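Okay, here's what each chain looks like letter by letter:
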Amino acid sequence: MDILDKIEMDGFESSHNNFSMVWKTYQILREDMKVSNDELDELIKYHNRNDDYEISDKLLKIKTII
């Protein structure tokens, strides 16, 4: 694997990870998917890093309800 393939693969993995975090958040907020507090913490940190404070606040409210 040359360096260009590695860069492309890293971009794909990053994109896939971002999508999975957003998809999981959607399932929690819209479809009442049940997750652990650790998973909620991970999602809250992810959305705070991406300046999605409104979403992280909603996740935090769910966490306090649980």
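For the structure itself, look to the data block above.
Per chain, residue numbering runs from 1 following the sequence as it is written. pLDDT decides what is reported in this predicted model: residues at 70 or higher carry local features, side-chain atom pairs at 80 or more are listed and counted, and totals for whole chains, interfaces and linings draw on all residues regardless. For the side-chain quantities, the full set of heavy atoms in the structure was used; hydrogens and water were omitted.

Peer 1: Tell me about the environment of K63, and name the residues and values.
Peer 2: Within the element layout of this structure, K63 appears in helix α3 (residues 53-65). The exposure class assigned to K63 is partly exposed, which follows from its relative accessible area of 25%. As for K63 and I44, which are separated by 19 residues in sequence, their C-alpha atoms are 9.8 Å apart. In this structure, K63 is in contact with N37, L40 and D41, ignoring residues within four places of it in sequence. For this analysis, a polar contact is any N or O atom pair within 3.5 Å, provided that within protein one partner can donate a hydrogen and the other can accept it, and provided that sequence-adjacent residues contribute only side-chain to side-chain pairs. At a separation of 2.4 Å, a polar atom in the side chain of K63 contacts the side chain of D41. Here a strand is any run of E in DSSP of at least two residues, a helix any run of H or I of at least four, and the numbering for each starts at the N terminus. Each residue gets one of three labels from its accessible area relative to the maximum for its type: buried under 20%, exposed over 50%, partly exposed in between, using a 1.4 Å probe on protein chains only. Whether two residues are in contact is decided by their heavy atoms, any of which lying within 4.5 Å being enough.

Peer 1: Now, about the packing of helix α2 (residues 37-49) against α3: what can you tell me, with residues and values included?
Peer 2: Comment: axis = line fitted to C-alpha atoms, over the contacting stretch for helices; angle = value between 0 and 180 degrees taken between N-to-C directions. Interhelical geometry of α2 versus α3 gives an angle of 165° and a closest axis separation of 8 Å. By the angle between their directions, the pair α2 and α3 is classed as roughly antiparallel. For the pair α2 and α3, the sense of crossing is left-handed. Taken together, the residues of α3 that come into contact with α2 (itself represented by N37, L40, D41, L43, I44, H47 and N48) are Y53, I55, S56, L59, L60, I62 and K63. Note on angle classes: values under 35 degrees are labelled roughly parallel, values over 145 roughly antiparallel, values of 65 to 115 roughly perpendicular, and the remainder oblique. Working rule for handedness: look at the near helix, and if it is turned counterclockwise from the far one by less than a right angle, call the crossing left-handed; if clockwise, right-handed.

Scope: geometric values only; no functional claims are made or implied.
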